[in-house]
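Structural overview for review
Each chain, written out:
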Number of protein chains: 2
Amino acid sequence: MKKIIASLFLLTSLAHADEGMWLFDAFPTDKVKQKYGFTADEAWLKHVRLSSARLTGGGGCSASFVSKNGLVMSNHHCAHSCIEQLSKNGKDYIANGFYAKTLKDEVRCPEIEVDKLVETTDVTDKIQNVTKNLQGKKFNDELKATMSRLEKECSQSSDQVRCDVVTLFNGGKYHLYKYQRYQDVRLVFAPELAIAFFGGDPDNFNFPRYDLDVSFLRVYDQGKPLQTKDYFKFSKDGAKDNELTFVTGNPGGTSRLLTISQLEFLRDTKLINDLTTLSELRGLLTGFQQLGKEQKRISTAKLFQVENRLKAIKGRHAALLDTNFFDQKVAAEKKLREKIIGNSQWKKDYASAWGEITAAYKDLKNIYVELDNIERNNLNSHLFGIAKTLVRASVELPKPNEERFREFADSALPQLKLSLFSKAPIYPQFEKAMLVHSLTKLREKLGADHPFVTKVLGKQSPEELATALLKTKLNDTKLREKLYAGGAKAIEDSKDPMIRLAVLMDPDARAIRKKFEDEIETRIKQASEKVAKAQFAVNGTSTYPDATFTLRISYGQVKSYQENGHEVKPITNFEGAFARHTGREPFALPKTWLKAKSKLDLQTPFNFASTNDIIGGNSGSPVINQKAEVIGLIFDGNIQSLGGDYGFDEAQNRAVSVSTSALAEALQKIYGANRIVDGLLK
Amino acid sequence: MKKIIASLFLLTSLAHADEGMWLFDAFPTDKVKQKYGFTADEAWLKHVRLSSARLTGGGGCSASFVSKNGLVMSNHHCAHSCIEQLSKNGKDYIANGFYAKTLKDEVRCPEIEVDKLVETTDVTDKIQNVTKNLQGKKFNDELKATMSRLEKECSQSSDQVRCDVVTLFNGGKYHLYKYQRYQDVRLVFAPELAIAFFGGDPDNFNFPRYDLDVSFLRVYDQGKPLQTKDYFKFSKDGAKDNELTFVTGNPGGTSRLLTISQLEFLRDTKLINDLTTLSELRGLLTGFQQLGKEQKRISTAKLFQVENRLKAIKGRHAALLDTNFFDQKVAAEKKLREKIIGNSQWKKDYASAWGEITAAYKDLKNIYVELDNIERNNLNSHLFGIAKTLVRASVELPKPNEERFREFADSALPQLKLSLFSKAPIYPQFEKAMLVHSLTKLREKLGADHPFVTKVLGKQSPEELATALLKTKLNDTKLREKLYAGGAKAIEDSKDPMIRLAVLMDPDARAIRKKFEDEIETRIKQASEKVAKAQFAVNGTSTYPDATFTLRISYGQVKSYQENGHEVKPITNFEGAFARHTGREPFALPKTWLKAKSKLDLQTPFNFASTNDIIGGNSGSPVINQKAEVIGLIFDGNIQSLGGDYGFDEAQNRAVSVSTSALAEALQKIYGANRIVDGLLK
C-alpha cells in the first residue's frame, strides 16, 4: 500500500527538475550542461537518434540498435505476442524462453515492425496556411487531407519508408517524420516469463524490482542482417548511483497540456469507464486461465496487457483525484487565461478557446458511449478486427489518398498489411470467450433496446451469435489476401459470417464517427491550436510537447527517493531476487536461475531507478550514459510515476530499468548465450 | 443508453414532491391530505405497520403478511439463497421454480428470519444524557454500551424478541425498535428464475419491465402457521394509473444528510474502489459460470448480488459526478453553515462540526485500504466468515454484554446463530475459486510486502493456501456448534486450518478496527450529531431521517415519466412480456408461460412504476392503496432512481413493482397454485 501521488507536482517551473520528453531538435542543452556539466552536441544527438528505434506490432514500444549487424534490444513484454505466436507444437517459448543458437535459428516475428527515424521537418506553416480560414468539417477534412498528402510525397509510395505528420502541442506545431521501415524482424533471444516478469502484477509499477524484461531481435534487410553504422555500444558495468542518464524512446502519450475541462472528462467519464471495463475483463481472463494449461498460455499476453493498462489507469485516475494536484492545474489555467485576457490581441485571438473546448466535450460526453461501443469497439476479437479492416479497406482504398480514413492512407498501408496478413495463430476458444463477453457488454452499454444492438443480435443470445461467427474462415490468411485484393465486389459476395457482421455494423459505425469528427473533433482541434498558441505567447516555445509516440529524449540520473518516510535505494542486485524467490508464481525464479546461482556474482546490479521522465511507449528504451553507451533498458516506472500523464514530480517519479550488468551476467552465466554477448561486446 | 441522472434534484423544498422515507410516528398526514385528499389516521397507520415485515438472512429485504395464517410475500430475489439452498439431488428450484402443494410440503429456509416491528420508543435523551460530556474513545464506548444495555433490557434476553437501538439523523435522534422475531420461515412458492428475473442484468433497474419477482413464504410459530390479525388484503385488480400508492418497508440506507466531505469520500475513494472490485469479481463469476451447469447453479445468486450491487453503485457514483447535482449539495451546505454562523449560540454549538468531519475523513482515507482489507474483508468465503465468527465469539461472548463488539451483543445473537449453524450447503469448488481470488486481491490491495500479507501467505501462493484451507471441517454444523460452545479453549485446541487462519488474522483485524473506532468513528459520530442538530435548528424536525434498514412508509402515485424526450407509460402487461421473449436467456420466458399463453388475459397489468421514494432494502415491500389492500410488490427502481441515495427527483425517480393482478393471473392460470390464491383471497 504505497502512497501513489506525491503532494507536489512541479507544473510550471521546470527550473531544476529533470522534467521533459524533449524533441531532438529542441533539446535543452544549456539546462543539462548547467545541472550536470555535460554538453550534448549535435553529433552526439544525431548518433543517439539514429541508434534508437521504434517497435510496433507488439504494442507500441521503443528499442535500440546494439550491434553493427542489426541486433535490436527491447523488452520481453514488447515481444511477448511474437514469442507467443511462435510457440507451437508443444514448444512454449513464453514459459521456457527462446534462444537462437545460430543465425539461421532466428525466426521472423509475424507482426513486428522496426522504424528508425531518419529525418524530421517542420511543416507547421504548410498545414496552417491551408487550414487557417476554415471552420468545422471543412477544417478537419483539409487538415487530414494535407497530412495524407505530405506523407505520400515524403514516402514516395515506398514500402521501405514511413512518413507521419505528427501533431505537436495539440496543433500548435506539425512535424513530418520520415522513418526507415523494417518489417523483417526476427526473434533472437527471450528469457522465461518467470524472470522477465518476476513479481507479476503485484510488483508491476513497483520498486525495488528484479526483472530481466529483455528480448533481443534482429532486423533483416533483403534477407540479411542489417548493417548499421549507428548503434549503442554496450556497457557491461551498467548504471551507477547518481550517474547522469539519458533515455531515448517513444513515449506514447501524455496529457500535460490539456485544459481543465478535458481533464475533467478523463477523470469523470473516460477513465471511470475504462476502470470498470478493464476490471471486469481482468476477472474474466483470470477465470479463463483456470481452464487449463493451454488456455493459460494463449490468454497470458492479453491478461498482462489488461492488468498493465488497468494499473496505469488506476494511477492516472488517482492523480486526477488528488485535489492538491488538480487545484494546481486549475490555478495554472486560471493564470494563463488571465494573462491572455490582459493583452487585447491575445484576447481576440485565443480567449474563447477554453469555452469552446468545454462545449465540445459536453457534446462528446453525450455521444461517448455510442462512439466507444459502435465505432471504436472491435469486440475484443482478432477475427472481427480483421473483418472490419477488410470491409473498410474495400470502401476506403478506391478513394483518393487524401479522402480516406487516416488509417487507410497510403503511408499507413504497409503496417496495416503486416498485421492483416500475419500468420500468427488465432485461437478459436479464446476468440469465442472474448466475443461472447464483448457482445454482452455491447448490449449492456448501449442497452438491450438500442437499434444497433437489436440489429446486431436480433433474437440471438451473445453465445449463439459468437458460435455462428466462429464459422468464419478468416483464420486463413489466403482468404484475407483474396478479400483485400477483391475489394468491394469480393466483400459483397462473401458469405463469411464475420465479414457479414462487419458489413452490417459499418454504416452505424461510420455515422457516429462522422458525427464525432465533423461536429466535435474539429472544434477541439481548432480550439486546442489556439490554447497552444496562447501558451507559446505567454511561456515561449522553449518547452516540450505532450508525448505522441514519437522519438524523444529525456535526461536524469540514477537516484534514490523517499517513500512512506524511508529511503528507497535506487539499485537492486541478484541477491535480492533470490531473497524474494518463494518458489510460487509470480515469485518463482526459473530453474535455470536456481541452477546457475552458485556461478553468479550475486552483487551484480539488477534493476535501477532513475529520474528520467518517461511514460508507456518508452518500454524497451535504452538508458545511455554520456558516452552514448547503453547502461540500462527501461521496462517500467514506479507507482508514483503513474501520475506522469498529467505532471512530473522529480522527488518521487522514477523510471525503472534493467541494468546492462545484469544482462551481461545472465546471458553469459545462465543462458550461455555467447553469440549474443559477442555481438554486444564486439 | 438512458440518461441516468436527471438535471434537477429537489433537495431543499419538499413542498409538493412525493419525497421521503417517513417514520411511522412522524408521517406527514397533512401534506398527503393536501396533495391527494386522503387522511392516513392512526388506526390505519398502525394496521399497516403491523402487516409489514422485515426479512433478513437472504440479503436485507422487506415483506408483508398477506393472509391470516402467516403467509408472507416478498421478492424471488429476497428468497433466492433459500431457494438455492433447498435445491439438491438434481432438483433445481432456481431453474424450475417451487410450489408446495400442501402445507406439509412447505420447507424451512435455513437462514431466513422474519421480524415484525411491534413497538418504537424514543431513547434520544437516555443516550445523549450518558454521552454528552464525553470525547473520543470514551464517547464511542459509552454510546455502544448504552445501546447494548437498552437492547438487552428491552428483549429480556428472549430469543423471540429482537430489540435494536437505531441511530436516526446520524445521531440527532435514537429510537429503540422492538420486533417480534420469527426464525421458522418456510418456502411456499417461487416461480422460475427466468420469469422472476426476466431480462436479467440488462433489464435490471430498467423500465418498462416484465418480471414476476415474487416468492411466498410462511411464518411458523411453534411448528404451526402463525395466526395474525394484521395482514394486507389482496387486490386482484392491481394498481391503476395515477392511483395513490403507499410503500411500507425497510429502505437499507441513504446518504442524503451527509456533508460534502463525506460525499467526496464516497465519490473519490469508496465507490471507485467498489466499482473496480465488483467489476473484477463479476468477470470472474461470469467465467466460473462457463465451467458447467452445476457451477452455474451454485454461483448464480452471488453473480446476481454482485451485478445488482455494481449497477446500483454505478448509478450512485454517476449521481455524485453530476456537477449540477453536486453543486446543489454544495450550495445547500454553504447556506446551512452560513445560517449557523449567523446565530451566536448555534455557531458556538455546531459551527466546528463540518471541519471535524473533514479532518476525520482525511484520517479515514489514510487507513481505508487496511480497514477494508484486514478487518472488513471476509475473503468472499462463507467458511472463512464462519471461522472468523467462531474465533471472535470465543473472545467476545465471555465479556459483559456492553463491552462486546456490537455484532456480538445479546440482542444480535439469535440471528448470528441462525446463520452460523445454518445447514445450507457450501460448495467447495466455489469456495476455492473465491478464496484464491480474495487472497490474490488481499495481496494486491495491501501490497505483496505488507506485514499482514506476508503473515497470511508466507511463501504460499493464494492457490496453495486456498487448497490447504479447504481441508477445513467447518462444513459440518455440529463442529461449529461444538466450537461455539467450547469457547476460547476449543478455538485454541482446534487444528482446523480455517480456524487457525482466522486466529492468525484476528489481532491485526482488531487493531485496525480499534484504530478506526477509537480515533475516527467517534469523531464522525460526535460531529454528525452536531450537524443533525444544526439542521434541526435551521429546518425544524418535521422531516425524515436517512434510511437505516428500519420500517418506513412512503407515498406516491402510479405515474408516467419522460425519458429521452418520450413518455414512458407506467404500466406494462403480459402481452409486452411475450413480445420481448426471444427464446434466449435472459429474454426467454419459461415453458410454463409459453404453454399457458392461450389461457392468459394478455392485457393483465404486469409491472408498474410509481413515484414512491424507495431504495435497496425496500425489495419485497408491499404497495398498498388507501384501503390498505396490497396492489403491488416492489422489486426494483428505474435507472433514474439510482441517484436516490443522495436526493430525490419526482420527475424521473420511479419505484418498480409487480402488480397483484399479474400475481393472481399467473398463480391461477400458469402455476395452478390454488392453495396460495385461496389463502390470499380469503
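The rules behind the values
- Residues numbered from 1 in each chain as written.
- Chains lettered and ligands numbered in written order.
- Predicted model: local features only at pLDDT ≥ 70, side-chain atom pairs only at ≥ 80, totals over all residues.
- Heavy atoms only, no water.
- Helix = DSSP H or I, 4+ residues; strand = E, 2+ residues; numbered from the N terminus.
- Rg over C-alpha atoms; globule rule 2.2 N^0.38 Å.
- Buried < 20%, exposed > 50% of the residue type's maximum accessible area, 1.4 Å probe, protein only.
- Areas by Shrake-Rupley, 256 points an atom, 1.4 Å probe, with all protein chains shown as cover.
- Least-squares fit on C-alpha atoms with pLDDT ≥ 70 in both.
- Contact = heavy atoms within 4.5 Å.
- Pairing = 2+ DSSP bridges.
- Salt bridge = Lys/Arg side-chain N within 4 Å of Asp/Glu carboxyl O.
- Buried area = accessible area lost by both parts, 1.4 Å probe.
- Polar contact = N/O pair within 3.5 Å; in protein donor to acceptor, adjacent residues only side chain to side chain.
- Nonpolar A, V, L, I, M, F, W, Y, C, P; charged D, E, K, R; others polar.
- Phe/Tyr/Trp six-rings, centres within 6.5 Å; stacked < 30°, edge-to-face > 60°.
- Lys NZ or Arg CZ within 6 Å of the ring centre and 35° of its normal.
- Disulfide = S-S within 2.5 Å.
- pLDDT = per-residue confidence, 0-100.
- Core = buried A, V, L, I, M, F, W, Y, C linked by side-chain atoms within 4.5 Å.
- Axes fitted to C-alpha atoms, helices over the stretch in contact; angles between N-to-C directions.
- Parallel < 35°, antiparallel > 145°, perpendicular 65-115°, else oblique.
- Expected span 1.5 Å × (residues − 1).
- Left-handed = near helix turned anticlockwise from the far one by under 90°.
- Arc of directions from axis to C-beta.

Here's the deal with the overall build of chain A
Scanning chain A for helices and strands turns up 24 helices and 21 strands. Computed over the C-alpha atoms, the radius of gyration of chain A is 25 Å, within 12% of the 26 Å expected from 2.2 N^0.38 for a compact globule of 682 residues. Once the C-alpha set of chain A is aligned to its principal axes, its extents read approximately 65 × 65 × 50 Å. Looking at chain A residue by residue over its 682 residues, the buried ones come to 62%. Per element, the accessible surface of chain A, about 26200 Å² overall, is 51% carbon and sulfur.

Focus on the relation of the copies chain A and chain B
Take chain A, turn it by 180°, move it 0.0 Å along the axis, and it overlays chain B with an RMSD of 0.0 Å. With respect to symmetry, the two chain copies, as superposed, fit the operation of a two-fold axis. With an isologous cut-off of 70% or more, the 100% of interface residues of chain A that recur at the interface of chain B puts this contact in the isologous class.

Structural notes on the pairing of strand S7 (residues 161-168) of chain A
Two faces, one strand: in a regular strand the side chains alternate between the faces of the sheet. All names here are of chain A. The element S7 is extensively covered by neighbouring structure, given that 7 of its 8 residues are classed as buried. Looking at chain direction, S7 and strand S8 (residues 173-182) are connected through 8 bridges and run antiparallel. Looking at S8, one finds that threonine 167 is bridged to tyrosine 174. Taking the residues that link successive antiparallel strands as the turn, the S7-S8 hairpin has 4 residues, and the phi of phenylalanine 169 there is positive, at about 50°.

Some remarks on the pattern of salt bridges
Should their charged atoms come close, side chains of opposite charge can pair. Residue and element names in this part refer to chain B. The full count for this structure, using the stated rule, is 120 salt bridges over all chains. Taking the shortest distance from any N to any O, the salt bridge between arginine 149 and glutamate 153 comes out at 3.1 Å. Pair noted here: arginine 149 and glutamate 153 are both in helix H6 (residues 136-155), with a separation of 4 residues, about one helical turn. Of the charged contacts in the structure, one is a salt bridge between aspartate 410 and lysine 152, with a shortest N-O distance of 2.7 Å. Residue aspartate 410 is located in the loop between helix H14 (382-396) and helix H15 (413-420), and its partner lysine 152 is located in helix H6; the two are separated by 258 residues in the primary sequence.

Let's talk about the interface of chain A and chain B
Facing 42 residues of chain A, the contacting portion of chain B comprises 42 residues. Here chain A meets chain B over a buried area of about 3300 Å², counting both sides, of which 56% is carbon and sulfur. Taken together, the connections running from chain A to chain B amount to 10 salt bridges. Here glutamate 444 of chain B and arginine 282 of chain A are joined by a salt bridge, their closest N and O atoms 2.6 Å apart. Counting the contacts that link chain A with chain B gives 10 residue pairs in polar contact (both at pLDDT 80 or more). Secondary-structure elements contributing two or more residues to the side of chain A that touches chain B are helix H8 (200-203), helix H9 (260-289), helix H10 (293-321), helix H13 (353-375), helix H16 (428-446) and helix H18 (462-469) of chain A. When grouped by side-chain class, the residues that make up the side of chain A that touches chain B number 12 nonpolar, 12 polar and 18 charged.

Side note on the packing of aromatic side chains
Residue and element names in this part refer to chain A. Taken as a whole and judged by the stated rule, the model has 44 aromatic pairs over all chains. Taken together, the aromatic side chains of Phe27, Tyr36, Phe38, Trp44, Phe246 and Tyr555 make up a single cluster linked through ring pairs. Sitting over the face of the ring of tyrosine 220, arginine 186 holds its NZ or CZ atom 3.6 Å from the ring centroid.

Comments concerning the state of the cysteines
Residues and elements named next belong to chain A. On inspection of all chains with the given rule, the structure shows 6 disulfides over all chains. Sulfur-sulfur distance for the disulfide between cysteine 154 and cysteine 163 comes to 1.9 Å. Judged by the torsion about the S-S bond (-60°), the cysteine 154/cysteine 163 disulfide is left-handed. Relative accessible area serves as the criterion here: at 14%, cysteine 154 is assigned to the buried category. Owing to a relative accessible area of 0%, cysteine 163 belongs among the buried residues under this scheme. Take the cysteines of chain A that form disulfides and number them in order along the sequence; they join up as 1-2, 3-4, 5-6.

Describing the environment of valine 391 of chain A
Looking at the element boundaries, valine 391 of chain A is found in helix H14 (residues 382-396). In contact with valine 391 of chain A, other than residues within four places in its own chain, are Ile491, Ile499, Ala502, Val503 and Asp506 of chain A.

Digging into the confidence of the model for chain A
This prediction gives chain A a mean pLDDT of 94; 98% of its residues lie at or above 70. Low pLDDT (under 50) marks residues 1-15 of chain A, which in the prediction has 49 contacts with non-local residues, meaning those over four places away or in another chain.

Let's talk about the environment of aspartate 230 of chain A
Residues and elements named next belong to chain A. Within the secondary structure layout, aspartate 230 lies in the loop between strand S11 (224-225) and strand S12 (233-234). The buried category is assigned to aspartate 230, whose relative accessible area is 12%. A C-alpha to C-alpha distance of 10.0 Å links aspartate 230 and serine 64, two positions 166 residues apart in sequence. Other than its neighbours up to four places away in sequence, aspartate 230 contacts His47, Leu50, Ser51 and Phe65. A distance of 2.8 Å separates a polar atom in the side chain of aspartate 230 from a polar atom in the side chain of histidine 47.

Observations regarding the nonpolar core
Residue and element names in this part refer to chain A. If you look at the biggest cluster of nonpolar residues, it comprises 74 residues, and the most contacted ones within it are Trp44, Leu212, Phe216, Phe246 and Trp593. Here this core takes 6 residues from helix H23 (residues 660-670), the largest share from any one element. Excluding residues that lie within four positions of it along the chain, phenylalanine 216 makes contacts with Val66, Leu71, Val72, Met73, Arg186, Leu187, Val188, Phe189, Leu667, Ile676 and Leu680.

So, the pairing of strand S18 (residues 605-610) of chain B
Residues and elements named next belong to chain B. Of all 6 residues in S18, 5 are buried; the element is thus mostly enclosed. Bridge count between strand S17 (residues 571-573) and S18: 2 bridges; the pairing is antiparallel. Each bridged residue has a counterpart across the sheet, and for isoleucine 571 the counterpart in S18 is phenylalanine 608. Bridging between S18 and strand S21 (residues 655-659) involves 4 bridges; their strand directions are antiparallel. Note on S21: the bridge partner recorded for serine 610 is alanine 655.

Some remarks on the packing of helix H9 (residues 260-289) of chain B against helix H11 (residues 323-341) of chain B
All names here are of chain B. Between H9 and H11, the shortest axis-to-axis distance is 10 Å and the interhelical angle comes to 155°. With respect to each other, H9 and H11 are oriented roughly antiparallel. Contacts from Ile260, Leu263, Glu264 and Arg267 of H9 reach H11 at Phe326, Lys329, Val330 and Glu333. Taken together, the residues of the contact of H9 with H11 break down into 4 nonpolar, no polar and 4 charged.

Let's talk about helix H6 (residues 136-155) of chain A
All names here are of chain A. With 20 residues, H6 extends 29 Å between its outermost C-alpha atoms, agreeing within 8% with the 28 Å of an ideal straight helix rising 1.5 Å per residue. Listed in full, the buried residues belonging to H6 are Phe139, Asn140, Leu143, Lys144, Ala145, Thr146, Met147, Ser148, Leu150, Glu151, Cys154 and Ser155. As for H6, its buried residues are in contact with helix H5 (124-131), S7, S8 and helix H20 (497-539). Positive phi shows up at glutamine 156, right after H6, with a value of about 50°.

A closer look at the packing of H5 of chain A against H6 of chain A
All names here are of chain A. Taken N-terminus to C-terminus, the directions of H5 and H6 make an angle of 145°; their axes are 9 Å apart at the nearest point. Pair H5 / H6 crosses with right-handed handedness. Facing H5, whose interface residues are Lys126, Ile127, Val130 and Thr131, H6 presents Phe139, Glu142, Leu143, Thr146, Met147 and Leu150. A breakdown of the residues in the contact of H5 with H6 according to their chemical character gives 6 nonpolar, 2 polar and 2 charged.

Side note on helix H18 (residues 462-469) of chain B
Considered for burial, the residues of H18 of chain B that qualify are Pro462, Leu465, Ala466 and Leu469 of chain B. The arc enclosing the buried residues of H18 of chain B, seen along the axis, measures out at 100°, which places them on a common side.

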